[in-house]
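So the chains spell out like this:
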Amino acid sequence: MSYFKKVRVRIAPSPTGDPHVGTAYVALFNYVYAKKHGGDFLLRIEDTDQVRAKSSSEAMIMRSLRWLGLEWDEGPDKGGSCGPYRQSERTAIYREHADLLIKSGHAYRCFCTAERLDAVRAQQREAGVTTAYDRHCRGLKDSEVEDQLKKGQPHVIRLKMPVSGVTSFVDEIRGVVEIENDRLDDQVLLKSDGYPTYHLANVVDDHLMKISHVIRAEEWINSTPKHVVLYDAFGWEKPKFAHLPLLRNADKSKISKRKNPVALTYYQRAGILPVTLMNFLANMGWSFGDDVEFFTIEEMMKKFDFKDIHLGGPVFDTVKLTWMNAHYMHKMSTDQFVNFVRNEIFTDDYLRALKPFVLERMSRFEQFVDNNSFFFNGALDYRGAEIIPKGKSTSDIMGMLSGLVEKLDDLYDWEHERIKAVIEAYKDEIGWKPKDIFMTLRLVVTGRKDSPPLFESMELIGREMVRFRMRDCIQALATMPPAPIA
Ligand code: GLU
């Protein structure tokens, strides 16, 4: 009799940044699989990295998934029978489970200091062997462990990996995956601060939440053998595993924000319809068959099977996305069109926020669209733009913009005083004159010299579009050197 009574799947994003298209991609395939089989789709927030986890990121992930219509059956905001669904609220559970493994002899306490581990790694590098923990504490006697504990020595808990043989599992897409056990390190399960690693928390939760199918991105495939060992150590039935191919840039590298926007919030701001993005993602690695590219998610559910996923490395091609969006836009009814423009572009909130900055710069309302296009536009045209101050080079500007956009990536509370503080601090850090950096930024984010105050304009244009324009400008500069500011 199986432990799994029905299909239950999950996505388990770590809330460390902007909601990623890869999360939506994996969520879509999980959602389709669950609904096809009358199962449940769960949202679990993996926020045990206390340094990097952000509540604003969690909120954005939820908003973006809902925007796409990927509604979960159980999750942090909804509850369910297996909660809590936020890992930071489950730390006691992980500690109990790590203790269970110690008691059953599948895990051990490791008291090695960071210095010792560094020294071991350095020696291994010198000897030209793979760096791994040398299992020094695996052989400690009970009395030695007691001694260290009495002294209050900080320690981690490690999994005893099998030292010979192979660990294997069946991937629903790839078939049998095997790894030689001597290539597996004694994985840390619980860190010295009492927080679990991804591996422990992920396996314990998948089991307790009765996840029957782990459908996730290819980048986790190397972790799966460790998870298999963990399931066996606990004596638990394993779920089925399926690793979806990674989304790629056009040059086949792993999709990254330096080459393509990757934030779902950007695509929403850019006016990509949720129906387009879902259909586009459904075509990534999976095909409907018969050269059919446009289909609904319900139609996908009927036909979906892991065996139709190909591993070629699907390219997240924004030109294709735009082409598909045109198809859906052209099919909009008059009501849909009017509602979209009113609810997404000329919204009451946006117009109210713009009013103090735009009204005083107009004398006839016919100027509204032309004067304020940059509040609504996407990419600006930098050809021939005079964005390079005297004494600076193209590469100075590119360097300045890429350093700044990284800082702005971390600014979630997008408010003009905070934007100002980040930019002022960055200006001092790189030693640029206010005039140079502010005029360049004004031109990059608004395309005009005479726009309303810079920081307020940045707030109004929005976090997504400001960062997009900065990155877009860096790319434009790489291909066409513009004229200097007169
Ligand atoms: N927290 C992991 C992530 O950020 C979860 C990976 C998994 O699905 O196991 O994607």
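Here is a short report on the structure shown in this document.

**Topic: the packing of helix α17 (residues 434-446) against helix α19 (residues 463-479)**
Part 1: Across the interface, α17 lies against α19 with an axial gap of 8 Å and an inter-helix angle of 105°. In terms of orientation, α17 lies roughly perpendicular with respect to α19. Along the contact surface, α17 presents L441, V444 and V445, while α19 presents V466, R469, M470 and C473.
Part 2: Of the residues that constitute the contact of α17 with α19, the class distribution is six nonpolar, no polar and one charged.

**A look at the pairing of strand β9 (residues 240-244)**
Part 1: With four of its five residues buried, β9 lies for the most part within the structure.
Part 2: With five bridges joining them, strand β8 (residues 213-217) and β9 adopt parallel strand pairing. Paired with I215 across the bridge in β9 is A242.
Part 3: Running through helix α7 (residues 224-234), the crossover from β8 to the neighbouring parallel element β9 is right-handed.

**Description of the packing of helix α15 (residues 394-409) against α19**
Working note: a packed helix pair is described by the angle between its axes plus the distance between those axes.
Part 1: At a minimum axis separation of 10 Å, α15 and α19 run at an interaxial angle of 155°. With respect to each other, α15 and α19 are oriented roughly antiparallel. The interaxial crossing formed by α15 with α19 has left-handed handedness. Contacts between α15 and α19 pair T394, I397, M398, L401, S402, L404, V405, L408 and D409 from the former with R463, R467, M470, R471, C473, I474, L477 and A478 from the latter.

**Here's the deal with a nonpolar patch on the surface**
Part 1: Together, I345, F346 and L351 give the surface a local cluster of nonpolar side chains, amounting to about 210 Å² of exposed area.
Part 2: With respect to the helices and strands, I345 occurs in helix α12 (residues 334-345).

**Overview of the nonpolar core**
Part 1: Judged by nonpolar contacts, the single largest core of 99 residues is most densely connected at L277, L281, F316, L401 and M470.
Part 2: Filtering out sequence-adjacent residues up to four positions away, L281 remains in contact with V21, A24, Y25, L28, F29, L247 and F316.
Part 3: Listed in part, the 31 residues of the second largest apolar core include L42, Y94, M161 and V228.

**Things to note about the sheet that holds strand β4 (residues 156-159)**
Part 1: Taken in spatial order, the three strands make up an open sheet running β3-β4-β7, and their pairing is antiparallel. Here the strands that pair on one side only, and so sit at the sheet edges, are β3 (107-110) and β7 (188-190). Adjacent strand axes in the sheet meet at a mean angle of 40°, parallel and antiparallel pairs treated alike.
Part 2: Judged from the two bridges that link them, β4 and β7 form a sheet pairing that is antiparallel. Of the residues in β7, the one forming a bridge with R158 is V188.
Part 3: Contacts from helix α3 (residues 91-103) reach β3, β4 and β7 within the one sheet, and its direction differs from that of β3 by about 105°.

**As for the pattern of salt bridges**
Part 1: Applying the stated criterion across every chain yields a total of 41 salt bridges.
Part 2: Measuring nitrogen to oxygen at the nearest pair gives 3.0 Å for the salt bridge that ties D18 to R467. Of this pair, D18 sits in the loop between β1 (8-11) and α1 (21-36) while R467 sits in helix α19, placing them 449 residues apart in sequence.
Part 3: You can call D18 partly exposed: its relative accessible area is 21%.
Part 4: Taking the shortest distance from any N to any O, the salt bridge between R86 and E89 comes out at 2.7 Å.
Part 5: In this structure, a network of salt bridges that share partners links the residues D18, K257, D409, R463, E464, R467 and R471.

**Structural notes on the pairing of β1**
Part 1: Burial along β1 is two-sided: the residues R8 and R10 and V9 and I11 are all buried.
Part 2: Examined bridge by bridge, β1 and strand β2 (residues 40-43) share four bridges and lie parallel to one another. When the bridges of β2 are listed, I11 appears paired with L43.
Part 3: Viewed along the sheet, the connection from β1 through α1 into β2 turns out right-handed.

Definitions and limits used
Every chain's residues receive numbers from 1 upward, in the order its sequence appears when written. Totals for whole chains, interfaces and linings use all residues, but because this is a predicted model, local features are given only for residues with pLDDT of at least 70 and pairs of side-chain atoms are given and counted only at 80 or more. Each side-chain value is worked out from all heavy atoms of the structure, with water and hydrogens disregarded. The convention used is that axes are lines fitted to C-alpha atoms, helices contributing only their stretch in contact, and that angles between N-to-C directions extend from 0 to 180 degrees. Helix numbering and strand numbering both begin at the N terminus, where a helix is a DSSP run of H or I of at least 4 residues and a strand a DSSP run of E of at least 2. For classification purposes, angles smaller than 35 degrees are called roughly parallel, those larger than 145 roughly antiparallel, those between 65 and 115 roughly perpendicular, and all remaining angles oblique. We call two residues in contact whenever any of their non-hydrogen atoms come within 4.5 Å of each other. We call Asp, Glu, Lys and Arg charged. Ala, Val, Leu, Ile, Met, Phe, Trp, Tyr, Cys and Pro are nonpolar, and the rest, Gly among them, are polar. Only protein chains enter the accessibility calculation, which uses a 1.4 Å probe; a residue is then buried when its area is under 20% of its type maximum, exposed when over 50%, and partly exposed in between. Here, a strand pair is defined by DSSP locating no fewer than two bridges between the strands. By convention, orient the strands away from the viewer: a clockwise path from the first strand over the helix to the second makes the crossover right-handed. Each crossing gets its hand from how the near helix is turned against the far one by less than a right angle, where anticlockwise is left-handed and clockwise is right-handed. Only residues above 30% relative accessible area that lack a salt bridge enter a patch, with like-charged residues linked at up to 9 Å and the nonpolar side chains Val, Leu, Ile, Met, Phe, Trp and Tyr linked at up to 5 Å. Only the protein chains shown count as cover for residues, and the accessible areas themselves come from Shrake-Rupley with a 1.4 Å probe. Here a salt bridge means any side-chain nitrogen of Lys or Arg lying within 4 Å of a carboxyl oxygen belonging to Asp or Glu. Throughout, nonpolar core names a set of buried Ala, Val, Leu, Ile, Met, Phe, Trp, Tyr and Cys residues whose side chains join them through atoms within 4.5 Å.

Everything listed here is a matter of geometry and, on its own, says nothing about what the molecule does.
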